[in-house]
Amino acid sequence: MKLLEERIIRDGAFLGKDILKVDSFLNHQIDVSLLEEMGKEWKRLYEGCEITKILTIEASGIGIACMAAREFGVPVVFAKKSKSINVGNDFYSAKAYSFTHQNTNDIIVSKKYLTKGEKIFIIDDFLANGAALAALVDICKEAEAEIVGIGIAIEKWYQGGGDKIRSLGYRIDSLAKIKSMDNDVIEFMD
Ligand code: 5GP
């Protein structure tokens, strides 16, 4: 998606070798119009597919998922990274190593909001090594919900997580796919 690629070039910042900082439009301050266009693009790509719910993970996935959900006309459920008392005990859980925080979280989703046979579109902001996504996939499997597709805002393709999950048979549509990122030179896949 050209609009997102151009925005990354214009406003993205590099933090160390593998971290792209996009907190002026995606991860901290949010450009809602850009998110709206991203939602429309996923809706266009999934025209004709039955989707009953969008699943994401807190925190940065939520805004993106909500804008997409407006296009699809479905609710959003987000996986929580810590067990708060109001979730109760009836939840699915999976372990996810956090690339940015360098720790392992148990992520959880209440069984009330993810049920057998639902048609799920998973959304997240970044795809790097694929740990966060693999945890969301595990949760859907546990719930016996069907994953129709996966929408990623920015896939750092060279880190390999996307292709690992594609090789399991899942469809992933990344709106910006980074082929290489070297200091401040960024190359996108065609
Ligand atoms: P993975 O689990 O695929 O290794 O990493 C995905 C998660 O780590 C995303 O949910 C995102 O929050 C975070 N992440 C990975 N790479 C980046 C990055 O370059 N920049 C930012 N801001 N977050 C990232």
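Everything discussed here concerns the structure shown above.
Here is a short report on the structure shown in this document.

Cut-offs applied
- Residues numbered from 1 in each chain as written.
- Predicted model: local features only at pLDDT ≥ 70, side-chain atom pairs only at ≥ 80, totals over all residues.
- Heavy atoms only, no water.
- Helix = DSSP H or I, 4+ residues; strand = E, 2+ residues; numbered from the N terminus.
- Polar contact = N/O pair within 3.5 Å; in protein donor to acceptor, adjacent residues only side chain to side chain.
- Contact = heavy atoms within 4.5 Å.
- Salt bridge = Lys/Arg side-chain N within 4 Å of Asp/Glu carboxyl O.
- Core = buried A, V, L, I, M, F, W, Y, C linked by side-chain atoms within 4.5 Å.
- Buried < 20%, exposed > 50% of the residue type's maximum accessible area, 1.4 Å probe, protein only.
- Near = heavy atom within 4 Å.
- Areas by Shrake-Rupley, 256 points an atom, 1.4 Å probe, with all protein chains shown as cover.
- Nonpolar A, V, L, I, M, F, W, Y, C, P; charged D, E, K, R; others polar.
- Axes fitted to C-alpha atoms, helices over the stretch in contact; angles between N-to-C directions.
- Parallel < 35°, antiparallel > 145°, perpendicular 65-115°, else oblique.
- Left-handed = near helix turned anticlockwise from the far one by under 90°.

Examined against the element boundaries, aspartate 173 turns out to sit in strand β9 (residues 172-182). A polar atom in the side chain of aspartate 173 sits 2.4 Å from the side chain of tyrosine 46. At 2.8 Å, the side chain of aspartate 173 forms a polar contact with the side chain of arginine 171. Leave out the neighbours within four places in its chain, and aspartate 173 touches Trp42, Leu45, Tyr46, Ile150, Gly151 and Ile152.

Inspection of every chain in the model, using the stated rule, returns 16 salt bridges. Lysine 53 is paired through a salt bridge with glutamate 118; the nearest N and O atoms lie 3.1 Å apart. Linking lysine 53 in strand β3 (residues 53-57) with glutamate 118 in the loop between β6 (104-110) and β7 (119-127), this pair joins segments that are 65 residues apart in sequence. Connected through shared salt-bridge partners, Arg7, Arg10, Asp11 and Asp31 make up one network.

In terms of nonpolar packing, the biggest core is built from 32 residues, with Leu4, Met38 and Ile154 touching the most fellow members. Every element with two or more residues in this core is listed here: α1 (2-11), α2 (32-45), α3 (60-72), β7, β8 (146-156), β9 and β10 (185-188). Of all hydrophobic cores here, the second largest spans 27 residues; its members include Ala79, Leu133, Ala143 and Ile172.

What follows concerns the site of the ligand. In the neighbourhood of the ligand, 16 residues make up the surrounding shell, with Leu20, Ala128, Asn129, Gly130 and Lys156 lying closest. Between the ligand and glycine 130 there is a distance of 2.7 Å, counted from an oxygen atom to a backbone nitrogen or oxygen. When the ligand is considered free in solution it has 500 Å² of accessible area, and contact with the protein chains removes 89% of it. Among the secondary structure elements, those contributing two or more residues to the shell around the ligand are β2 (19-21), β7 and α4 (131-143). Broken down by element, the residue count for the shell around the ligand peaks at four residues, all from β7. Of the residues contributing to the shell around the ligand, the split by class is eight nonpolar, four polar and four charged.

This brings us to the packing of α2 against α3. At their nearest, the axes of α2 and α3 sit 8 Å apart, and the two run at 50 degrees to each other. The angle between α2 and α3 falls in the class oblique. The element α2 and its partner α3 pack so that their crossing is right-handed. Seen from α2, the contacting residues are Val32, Leu35, Glu36, Met38, Gly39, Lys40, Trp42 and Lys43; seen from α3, they are Gly63, Ile64, Met67, Ala68, Glu71 and Phe72. Partitioning the contact of α2 with α3 into residue classes produces eight nonpolar, two polar and four charged.

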